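# Chains, contacts and geometry: an overview
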Amino acid sequence: MAANELIIEEWNGSSSTKLFKTATITASPSLCICRSGSRFNHVWRRVLQAFVPEGFPGSVTPDYLPFQVWDSLQGLSTYIRTMLSTKALLSAIGVGEKSATVIGATFQWFLRDLTGMLGGVLFTFYQGSDLDSNAKMWRLVADLMNDLGMLMDLLSPLFPSAFLFVVCLGSLSRSFTGVASGATRAALTQHFALQNNAADISAKEGSQETMATMIGMAIGMLLAHITMGNSLAIWFCFLFLTVFHMYANYKAVNCLALTSLNFERSSILLQHFMKTSQVLSPVQVSSMEHVLPTWTTTWISRNSKLLHMQVDLGLRVSSLGCQELMELLHSSGSHCEEVKKYLLVERKGIISVIVHKDATATDVLQSYIHTLVMANLRDGNKLTHSESQAWMDKQYEVFVQKLKSSGWKPERLLAPSLIWTANWMSKPSDKKID
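Taking an unreviewed UniProt entry as the reference, the protein is identified by name as Protein root UVB sensitive 3 belonging to Acer negundo. According to UniProt, the comment filed for the protein under the heading Subcellular location (unreviewed entry) is "Membrane". In its Sequence similarities (unreviewed entry) section, the UniProt record describing the protein reads: "Belongs to the RUS1 family."

Below, the structure is given as structure tokens:
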């Protein structure tokens, strides 16, 4: 009886959707190795592995590629402009002039860097906890602040008497960029990672940025040489590249379809669900949420009902007035029997949440959704506690399940850290409260 012929195939790739057969090995009548594909394709795949994560595109979310393309283009324009602004800054400090002193230039550069470092620390103190929950907005703001910083460097030679103030202002602006860009990049990396490959994505992001830096520096040096002595050409190139940089950044953040829940995305999803009993997909919500800071879109709230602008999460109990505290004490007494981990309070048209000190991430999300429901059902200035509670009892679990089936991650609410919580308990008392 003849033995079966064994055929071994060699495949390359870590993703089941992107495997390439590289060779076929047989042993009849003699050992034969038949290689598949051209050597060029093999080399190209090896080069590509230095810039994209293992298993690409199956190991990352669909919005990874368009975001990285626009992000690389905006990075390229940044490094080209950096050459132009640095050249202007060095000439303003006095590089190349006989009257300039080394100690004077060093001191000015030191003050510039010191201002930036202090600014970064202060920005982290005031906004650090909000960067994760509004990654798209802060990503865009970070690059806009970088544009402002480079503009200050380019303007510095025009104001010799205020040179130090101008460059320190530019350094302060760029310090915000460093903090916000780094923090939002970490949040986006976690979003892109589908196979617990955040470290690989971060490493490949570094390779992409290095390549964009080298190309941008080369083009920037060439452009600086061509425009030397021509202020009009320098300003034209800088402003053109700045406009392109802002456009590329806007396109990049608009490509992102984040699946985490923050204040605005929760508001959009809930309003649509209460109207249609359907949950929007992350891609649909991405086109509806705002990527600019809240204060730039205040005028929109006059024409649309933004629920997340009508609620406040994490109210400080001692900030309430006497009458509000009395109402709260009666309310908390009834909630003790229900073992609820949050209380809702209305003050000055804003519905606030007092969170229990033992509340979990699930409790925080539920409290915020409850607040949004109450704001949506509110009739004028009249609150509807019973109606909102009835909706929560019947529809909340359905809403959460539909969120999961639509690709959302409703395990927690991305929000600034809750620094004010409370505890309430019921105990018998013979004393009368006046």
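### Quick look at the overall build of the protein
On a plain count of helices and strands, the protein comes out with 12 helices and 8 strands. Taking all 434 residues of the protein together, the buried fraction comes to 41%. For the protein, contacts bridging at least 24 residues in sequence account for 73% of all contacts bridging at least 6. As displayed, the protein offers around 24,700 Å² of accessible surface, 62% of which is attributable to carbon and sulfur atoms.

### Remarks on the UniProt feature "transmembrane region" (unreviewed entry) in the protein
According to UniProt, the feature "transmembrane region" (unreviewed entry) maps to residues 148–172 and 232–250 in the numbering used here. In this annotation, residues 148–172 is assigned 72% helix and 0% strand; the end-to-end C-alpha distance for the span is 10 Å. Annotation note: span residues 232–250, helix share 100%, strand share 0%, distance between end C-alpha atoms 27 Å.

### Considerations on the pattern of salt bridges
Close approach of charged atoms allows side chains with opposite charge to pair. Within the structure shown, the criterion is met by 10 salt bridges. One salt bridge connects arginine 81 with aspartate 147, and the closest N-O pair in it is separated by 2.9 Å. Of this pair, arginine 81 sits in helix α2 (residues 64–93) while aspartate 147 sits in helix α4 (residues 135–155), placing them 66 residues apart in sequence. Both residues of the pair, arginine 81 and aspartate 147, count as buried. Of the charged contacts in the structure, one is a salt bridge between glutamate 205 and arginine 185, with a shortest N-O distance of 3.5 Å.

Calculation criteria
In this convention, every chain numbers its residues from 1, walking through the sequence in written order. Only residues with pLDDT of 70 or above have their local features reported here, since the model is predicted, and side-chain atom pairs are shown and tallied only from 80 upward, although totals for entire chains, interfaces and linings are computed over all residues. Hydrogens and waters are ignored; side-chain quantities use all the structure's heavy atoms. UniProt positions are given in the numbering used here, feature names are shortened, and annotations may be inferred rather than shown by experiment. Note on conventions: DSSP H or I runs of at least 4 residues are helices, E runs of at least 2 residues are strands, and numbering of each starts at the N terminus. A simple rule labels every residue: compare its accessible area, found with a 1.4 Å probe on the protein chains alone, to the largest value its type can have, and call it buried under 20%, exposed over 50%, or partly exposed in between. Between two residues, a contact is recorded if the distance between any of their heavy atoms is within 4.5 Å. Exposure was quantified through the Shrake-Rupley algorithm and a 1.4 Å probe, taking into account, for residues, occlusion by the shown protein chains and nothing else. A pair is scored as a salt bridge if a Lys or Arg side-chain nitrogen falls within 4 Å of a carboxyl oxygen belonging to Asp or Glu.

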